[in-house]
Amino acid sequence: MKPDYSKLVRPQVASMKPYTPGTTVSQARKKYGLETFVKLSSNENPLGTAPKAAAALREIGDLQIYVDDDHHELRRRLAEPYGLGVEHVMVGHGSNDVVRTLFSAFLAAGDEVVMADPTFSLFPKDAILFGAVPVRVPLREGVHDLDAMLAAITPKTKIVVVVDPNNPTSTRVDRDAFDRFARALPANAILVLDQAYREYMPAGSVAGTDYVASRPATVVLRTHSKLYGLASLRFGYGLGDPELIAYAQRVRLPFNVSRPAAVAALAALDDEEFVRRSLETNALGKAYLYPALAKLGLHAYPSAANFVAVAVPGTASEAYEAMLQRGIVTRSGDALGMPGRLRITIGTPEQNALVVEALGSLVASAA
Ligand SMILES: Cc1ncc(COP(=O)(O)O)c(C=O)c1O
């Protein structure tokens, strides 16, 4: 007889829902029988993978050998642009893994984690996993309400999360407001600044890495999943005070970054041409999409990332289905705490034109 697992599982896990990623192309194919789909649901790079990373991957052999888990050269290269050292960097199986590791090292039952609502769903989930309490502070017009977040801090606050640009809204926080916020935080509250989309941000945005040296209890998270087109390989990292990082390193799973991931991540850093093209494609996409959306009467929050959060007629789920029928996979805001909006990755010019055309039909059929 099988045991009653619901009595064995930790209570935090018993009430948890699994992470639901965006619809995959094969799921969409199965559901609608269409041959080609445009996948704009997970903010991946529409130009593919950095060619230098792909070339380095083709050279990899000796997979029977464990990777050198120190990743010294990679960490050195990641720290260098910010005047930081190897000891400031920890690597992960995607930046999600760095979050899990940090939370497991620092959170205890009853601790509070202050965060925006909605924000990247991993944060409340991982806080709960470690017995902590997510304290969710509503966004104001799609943007982190930093004053309200400060007001939500109590002696139990262990971690404060700012996602900049925020997912799912694509918005950024004001640099001066963030500076005041960071200075006003209690010294023993760990500030986790998730900047998965940092490279796409316009000039004058928060340069999170400045705070690593100036405010000790700060960790900035970055990833190769977006700009470098390595989402599938899994590589992300955290930059923080060496003492804090050393504690997190104690609980990092050994070999959490595979050699292919490490080799590709290092090679990608040299692919300036791909970075330039990717940023240019995104900027062009934004320049095309905003006036086109305005013409359709659809509001989108100002994006500082590689995706837009567009208000749609009817419910987000209906709009999501209608887009899917036209071969475009987006993300319904209903699943992301952003009702009435779709989250759509900025794609190639052709993909963006398809998005506008499909949204145009949505508007026309709602009229
Ligand atoms: C805010 C934010 N952080 C982190 C990630 C994921 O990063 P990674 O693929 O490095 O785990 C995403 C991906 O969608 C994201 O939107």
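Throughout, residues of each chain are indexed from 1 in the direction in which the sequence is written. Note on the predicted model: pLDDT of at least 70 is required for a residue's local features to be given, and 80 or more for side-chain atom pairs to be given and counted; whole-chain, interface and lining totals, by contrast, use all residues. Only heavy atoms go into the side-chain values, all of them from the structure, while hydrogens and water stay out.

## Side note on the domain arrangement of the chain
Reasoning step 1: The domain boundaries here were taken from an automatic or database domain assignment. Here the domain parsing of the chain yields domain 1 (5-49 + 272-366) and domain 2 (59-268).
Reasoning step 2: A separation of 24 Å is found between the C-alpha centroids of domain 1 and domain 2.
Reasoning step 3: Contacts are assigned to residue pairs that have any heavy atoms within 4.5 Å of one another. Between domain 1 and domain 2, the residue contacts involve 30 residues of the former and 29 residues of the latter.
Reasoning step 4: The term buried area refers to how much accessible surface (probe radius 1.4 Å) is lost by two components on association, counted for both of them together. Carbon and sulfur atoms supply 62% of the area that domain 1 and domain 2 bury against each other, a total of about 2,300 Å² over both sides.
Reasoning step 5: For this document, the term salt bridge refers to a Lys or Arg side-chain nitrogen within 4 Å of an Asp or Glu carboxyl oxygen. Here domain 1 and domain 2 share zero salt bridges between them.

## Looking at the pattern of salt bridges
Close approach of charged atoms lets side chains of opposite charge pair.
Reasoning step 1: Taken as a whole and judged by the stated rule, the model has 14 salt bridges.
Reasoning step 2: Here arginine 76 and glutamate 73 are joined by a salt bridge, their closest N and O atoms 3.0 Å apart. Placement of the pair is arginine 76 and glutamate 73 together in helix α5 (residues 72-79), with a separation of three residues, close to one helical turn.
Reasoning step 3: As a salt-bridge pair, glutamate 80 and arginine 76 come within 3.3 Å of each other at their nearest N and O atoms.
Reasoning step 4: By relative accessible area, which is 44% here, glutamate 80 ends up partly exposed.
Reasoning step 5: Residues joined in a network through salt bridges with shared partners are Glu273, Arg276, Arg277 and Glu280. To qualify as a helix, a DSSP run of H or I must reach at least 4 residues; to qualify as a strand, a run of E must reach at least 2; elements of each kind are numbered from the N terminus. Buried residues are those whose accessible area, probed at 1.4 Å on protein chains only, stays under 20% of the maximum for their type, while exposed residues exceed 50% and partly exposed ones sit between those limits.

## A closer look at the sheet that holds strand β9 (residues 307-311)
Reasoning step 1: The rule for pairing is simple: two strands pair if DSSP sees at least two bridges between them. Read across the sheet, three strands follow the order β9-β12-β11 without closing on themselves; strand pairing throughout is antiparallel. The open sheet terminates on both sides in strands that have one partner only, identified here as β9 and β11 (331-332).
Reasoning step 2: Summarising the sheet, β9 and strand β12 (residues 341-345) pair through five bridges and their orientation is antiparallel. If you follow valine 310 over to β12, its bridge partner there is leucine 342.

## As for the packing of aromatic side chains
The description of two aromatic rings rests on the distance between their centres and on the angle between their planes.
Reasoning step 1: Any Phe, Tyr or Trp ring, taking Trp's six-membered ring, that has another such ring centre within 6.5 Å forms a pair; planes under 30 degrees apart are called stacked, those over 60 apart edge-to-face, and the others tilted. Taken as a whole and assessed by the stated rule, the structure comprises eight aromatic pairs.
Reasoning step 2: Taken together, a centroid distance of 6.2 Å and an interplanar angle of 70° make the contact between phenylalanine 120 and phenylalanine 123 edge-to-face.
Reasoning step 3: With a relative accessible area of 0%, phenylalanine 123 lands in the buried category.
Reasoning step 4: A network of ring pairs unites the aromatic residues Phe103, Phe120 and Phe123 as a single cluster.
Reasoning step 5: Geometry around tyrosine 301 places arginine 341 over its ring, the cationic atom sitting 3.8 Å from the centre.
Reasoning step 6: Lysine NZ or arginine CZ positioned within 6 Å of the ring centre and within 35 degrees of the ring normal marks a charge as sitting over the ring. Lying across the ring of phenylalanine 307, arginine 343 places its NZ or CZ 5.8 Å from the centre.

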